[in-house]
Structure formats: structure tokens, C-alpha cells
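Descriptive analysis of the structure
This is what each chain is made of:
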Amino acid sequence: MNDNRIWKTSKEIIMDAYERIMKYQSGELLPARTGYPYLDKALLGGFYPQHAIAIGARPGVGKSYLAQKIMNNVMNVNINPQADDYVWLRCEFEMNPEDLVLRSLSKKMNKDIEDILLRKMNEEEMLEMQKCLKQENSNRITYIPIPTTVDELKDFLWNVYMPANKDKKLVFVS
């Protein structure tokens, strides 16, 4: 069967669905839990391969922050035992990656970003910041920190990122 074509027969769909169900029932595959029970329930257990999920709301209500929290939960092996076999590509053009890290530090340390950037921290605060940064550090998360064209993104995804991660249980792109 050629998986590159855009159509499949109902027989192929049924066979693919059966094989996937068996992998979930055996525990070979597990849905990626978001860490939010109400969201996992709405997603029928969590994230599954080849699903597209949209988070929508008006500006300034925390969509990006929620997405970051969901990513942290999905990539957490305490929430998702298979998370070591997940990778996540973040194409965040609303905020650059450094700003996302600063925002996360601000929330975790309960400090204004201005204080983190401009006020000298004591030793305890420095240790807390280092601990928070260590939690953010992962080779399984990749950023595209600058806007790209659709063709550049497509080329990177299909010729670089997906082939490099073809053996992963789940590949996320946000």
C-alpha cells in the first residue's frame, strides 16, 4: 500500500483502525494525556496520532500559556509513561522562545519578568531559577524561533524533522 496517496479504501481504513485499536489495547500505544482531566475526557483520553487540536480564545487570556502547560504535561513521564518517546516542535511566532521561558519562570517563581531581568537575585532565588530552567530544558523539544514561509516549514518538517523522528511514538507540532 502506498501511504503517500490522499485516499484509502474503506477496507484499508478498517484494517488501519483495527491495528491501531490493538496497539492501544495492548499498551503498545497510549494516548498522550494533557494533565487536564476535563480536556483529556473531551479528547477521548488525550492526544492521538494524526489529530489536529485548536485552542481558541480572545487575545490575552492565556492560550499560549495553556499550550505551554499542556506541552509540559504531555512531555512529563510521570503523566505519560511513554513521553520519553515523544518529541515536540514549537513554531511560536507570537512570542519568541526566550519570552516563553521568561513567562514560565515568572509564573513558577511568582515574580514579575522585570524583576527577573533587572533585579539581582539572592542565592536562594538563583537556585530556584536554575531549578525552573532545568525543568524547561529538553532535547525532545525543538523550536522554530523565527517566522518561516509555508514552503520552508514544509521542507523542514518532511525532509528533516519527521525523518529524524520517524521512530517516535508521537510527534507534536504546535
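Everything discussed here concerns the structure shown above.
Residues numbered from 1 in each chain as written. Predicted model: local features only at pLDDT ≥ 70, side-chain atom pairs only at ≥ 80, totals over all residues. Heavy atoms only, no water.

With that settled, the discussion passes to the layout of surface pockets. Empty space left among the atoms is revealed by rolling a probe the size of a water molecule over them. If you add up the space inside the largest pocket, you get close to 1800 Å³. For the largest pocket, the lining is made up of 46 residues, of which Tyr-48, Pro-49, Gln-50, His-51 and Val-171 are closest to its centre. Listed by contribution, the elements that provide at least two residues to the lining of the largest pocket are helix H1 (10–26), helix H3 (63–74), strand E1 (86–90), helix H7 (150–164) and strand E3 (170–173). Looking at which element gives the most residues to the lining of the largest pocket, the answer is H1, with 6 residues. Class assignment for the residues of the lining of the largest pocket results in 26 nonpolar, 6 polar and 14 charged. If you add up the space inside the second largest pocket, you get close to 240 Å³. Around the second largest pocket, the lining is made up of 14 residues, and of these Asn-72, Met-75, Asn-76, Gln-135 and Glu-136 lie nearest the centre. Among the elements of the structure, H3, helix H6 (123–136) and strand E2 (141–143) are those that each provide at least two residues to the lining of the second largest pocket. Of the residues forming the lining of the second largest pocket, the biggest block, 4 residues, is contributed by H3. (1 Å grid on protein atoms, 1.4 Å probe; cavity = no way out; pocket = protein on both sides within 12 Å on 5 of 7 lines; lining within 4 Å. Points joined across faces, edges and corners; volume = space filled by probe spheres on them. Helix = DSSP H or I, 4+ residues; strand = E, 2+ residues; numbered from the N terminus. Nonpolar A, V, L, I, M, F, W, Y, C, P; charged D, E, K, R; others polar.)

Further remarks concern the environment of Met-162. Mapped onto the fold, Met-162 is located in helix H7. As a C-alpha pair, Met-162 and Val-101 span 61 residues in sequence and 25 Å in three-dimensional space. Leave out the neighbours within four places in its chain, and Met-162 touches Leu-157 and Val-171. (Contact = heavy atoms within 4.5 Å.)

Packing of H3 against helix H4 (residues 97–109) brings their axes to within 11 Å, and their N-to-C directions diverge by 80°. Judged by the angle between their axes, H3 and H4 are roughly perpendicular. Two secondary-structure elements touch here, H3 through Ser-64, Tyr-65 and Gln-68 and H4 through Leu-100, Arg-103, Ser-104 and Lys-107. (Axes fitted to C-alpha atoms, helices over the stretch in contact; angles between N-to-C directions. Parallel < 35°, antiparallel > 145°, perpendicular 65-115°, else oblique.)

Given a rise of 1.5 Å per residue, 15 residues ought to cover 21 Å, and the 20 Å separating the end C-alpha atoms of H7 matches this to within 8%. A maximum bend of about 40° is found in H7 at Leu-157. (Expected span 1.5 Å × (residues − 1). Bend = angle between axes of the 7 residues up to and from the residue.)

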